[in-house]
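Observations on chain architecture
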Amino acid sequence: MSKTTYSIDLREMVSIGGVPQAIRIRGTRADNPLLLFLHGGPGVPDRHWVLKYQSGLADVCTLVCWDQRGAGLSYNGKRAKTETFTVDRMVEDAAELVRYLCDRFHQEKLCIVGHSWGSALGTLLAFKHPEHIRAYVGMGQLANGPENEQVSYDFVLKEAEARGDQKALKELARIGPPHGGLYDGGLDALMVQRNYMTKYGGGAVGEKDSIIRSVLIPLIKTGEYHLPGILKYAKGSFHCLRQLWDEVAQLDFFTLVPALSVPVLITQGCHDQNTPPAISRRWFDALQAPRKEWVDFENSAHSPIKEEPERWGRVIRQKLFSGTEDALI
């Protein structure tokens, strides 16, 4: 079988917020609408599996993946020590990239997809800078950081008890539950909880690897990041997490974002224990928006885009790019 070719297939560095940042663009027509992906973490770019699982969308839209400030191929160790890392700075970076893409492709607006931390970034971007946003798509949607962390911790504790996992119970007792979204043991404690959350299927249905293996192995297999890029990816992931996590974990969109002026589509895995859907569903139900729709993915946890890739792609194609009556835009 011949390899698919794309008339637009670019890897570039662009200046965003005065800092060189990496973008990846794939498409078939320059006049197709733009779809910008905002990755999670903070500091965990997803271009390798966005392109692996969703390049089929390139016939109806131009896919843009962005390694955010300090993440992936945008990481520069010496420079990162002097860069500003706040949620507001990341939102302004995203807004600048949106303007750059709209100008470059001669379009007034684009659609954004936010995953996990990217859903927080995307929500704030759509709230603060809606003028160039056609629609917002959330996945692994964050709504309230403190409640999110408590529910996720409780899931792991309950699973460890049900499985009789004594090692997990001992480690969970050592780190204790989060307070106000944060662990007393900092990021080391967070990683303990996330490792067991992933092992117990709360990150991906049926997955039993640690969070490090679940991220690292697909990264090694991809052609998007060769060895030097993988090393930058690893260093950038921990740097971004250290810089941003305390602020991210305390976000509360029930208070900060009660309304959005753009159409909203939430594509949520039913088994997600990283960003439990019951919390984000309450925020979504109360959210004021011109049009909004929630789509459950019954066989997914945190990442329907790769756990149920065919269905996720069909939903995006139908709701954003079909122009039919049941489309959001």
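Okay, so let's go over this structure. Since this is a predicted model, take the numbers as computed values, not measurements.

Looking at unusual backbone geometry
A cis amide bond links Gly41 to the next residue, Pro42, at an omega of 0 degrees. Summarising the element assignment, Pro42 is placed in the loop between strand S3 (34–38) and helix H1 (47–54). With a phi angle near 55 degrees, His106 is a residue other than glycine that sits in the positive phi range. Residue placement: His106 occurs in the loop between helix H3 (87–104) and strand S5 (110–115). Residue His106 is classed as exposed on the basis of its relative accessible area, which comes to 73%.

Considering the nonpolar core
Side chains of nonpolar character tend, in soluble globular proteins, to be buried together. Membership of the largest hydrophobic core comes to 67 residues, with the highest contact counts inside it found for Leu36, Trp66, Leu101, Leu110, Ile112, Leu121 and Leu125. In terms of residues, this core owes the most to one element, H3, which gives nine residues. Beyond its immediate stretch of four places on either side in the chain, Ile112 contacts Leu36, Leu38, Gly122, Leu125, Ile133, Ala135, Tyr136 and Val137. With 24 residues, the next largest nonpolar core counts Leu35, Trp49, Val50 and Val113 among its residues.

Describing the sheet that holds strand S1 (residues 8–16)
With respect to topology, eight strands assemble into an open sheet ordered S1-S2-S4-S3-S5-S6-S7-S8, the strand pairing being mixed. If you trace the sheet from one side to the other, it starts and ends with S1 and strand S8 (292–297), each paired once. Neighbour-to-neighbour, the strand axes of this sheet turn through a mean angle of 20 degrees, independent of strand direction. Alignment of S1 against strand S2 (residues 19–27), held across nine bridges, turns out to be antiparallel. When the bridges of S2 are listed, Val14 appears paired with Gln21.

What to know about the environment of Pro263
Structurally, Pro263 can be placed in the loop between helix H10 (253–256) and strand S7 (264–269). Remark: the alpha-carbon pair of Pro263 and Leu320, spanning 57 residues in sequence, is separated by 9.8 Å. Dropping the residues within four chain positions of it, Pro263 is found in contact with Arg134, Ala135, Tyr136, Pro290, Arg291, Leu328 and Ile329.

With respect to the pairing of S8
When S7 meets S8, the two strands line up parallel, connected through six bridges. Paired with Ile266 across the strands is Trp294, a residue of S8. Once you follow S7 into helix H11 (residues 277–286) and on to S8, the crossover reads as right-handed.

Considering helix H9 (residues 227–248)
Here H9 contains 22 residues, and its C-alpha end-to-end distance of 30 Å stays within 8% of the 32 Å for a straight helix at 1.5 Å per residue. Its maximal kink placed at Arg242, H9 deviates by approximately 40 degrees. Along H9, the residues classified as buried are Gly229, Ile230, Tyr233, Gly236, Ser237, His239, Cys240, Leu241, Leu244, Trp245 and Val248.

Describing the packing of aromatic side chains
Pairs of aromatic rings are described using the distance from one ring centre to the other and the angle between the two planes. One pass over the structure, following the stated rule, counts five aromatic pairs. Ring centres of Phe37 and Trp312 lie 6.4 Å apart, and the angle between their planes is 40 degrees; this geometry places the pair in the tilted category. Here Trp312 lies in helix H13 (residues 309–321) and Phe37 lies in strand S3, a separation of 275 residues in the sequence. Residue Phe37 is classed as buried on the basis of its relative accessible area of 2%. Between Tyr153 and Tyr183 the ring centres are 6.2 Å apart and the planes differ by 55 degrees, which places this aromatic pair in the tilted class. Of this pair, Tyr153 sits in helix H5 (residues 145–163) while Tyr183 sits in the loop between helix H6 (166–175) and helix H7 (186–199), and the two are 30 residues apart along the sequence. By the burial criterion, Tyr153 is buried, and Tyr183 matches it. The residue whose ring lies beneath Lys306 is Trp49, and the NZ or CZ to ring-centre distance is 5.5 Å. A cation sits over an aromatic face here: Arg311 above Phe297, 4.4 Å from the ring centre.

Quick notes on the pattern of salt bridges
This structure, assessed with the given rule, holds 19 salt bridges. Where Arg24 meets Asp9, a salt bridge forms, and the shortest distance between an N and an O atom there is 2.7 Å. Within this pair, whereas Arg24 is found in strand S2, its partner Asp9 is found in strand S1, the two being separated by 15 residues in sequence. Between Arg79 and Glu83 there is a salt bridge; the shortest N-O distance is 2.6 Å. Residue Arg79 is classed as partly exposed on the basis of its relative accessible area of 23%.

Conventions adopted
- Residues numbered from 1 in each chain as written.
- Predicted model: local features only at pLDDT ≥ 70, side-chain atom pairs only at ≥ 80, totals over all residues.
- Heavy atoms only, no water.
- Helix = DSSP H or I, 4+ residues; strand = E, 2+ residues; numbered from the N terminus.
- Buried < 20%, exposed > 50% of the residue type's maximum accessible area, 1.4 Å probe, protein only.
- Core = buried A, V, L, I, M, F, W, Y, C linked by side-chain atoms within 4.5 Å.
- Contact = heavy atoms within 4.5 Å.
- Pairing = 2+ DSSP bridges.
- Axes fitted to C-alpha atoms, helices over the stretch in contact; angles between N-to-C directions.
- Right-handed = clockwise from strand over helix to strand, strands pointing away.
- Expected span 1.5 Å × (residues − 1).
- Bend = angle between axes of the 7 residues up to and from the residue.
- Phe/Tyr/Trp six-rings, centres within 6.5 Å; stacked < 30°, edge-to-face > 60°.
- Lys NZ or Arg CZ within 6 Å of the ring centre and 35° of its normal.
- Salt bridge = Lys/Arg side-chain N within 4 Å of Asp/Glu carboxyl O.

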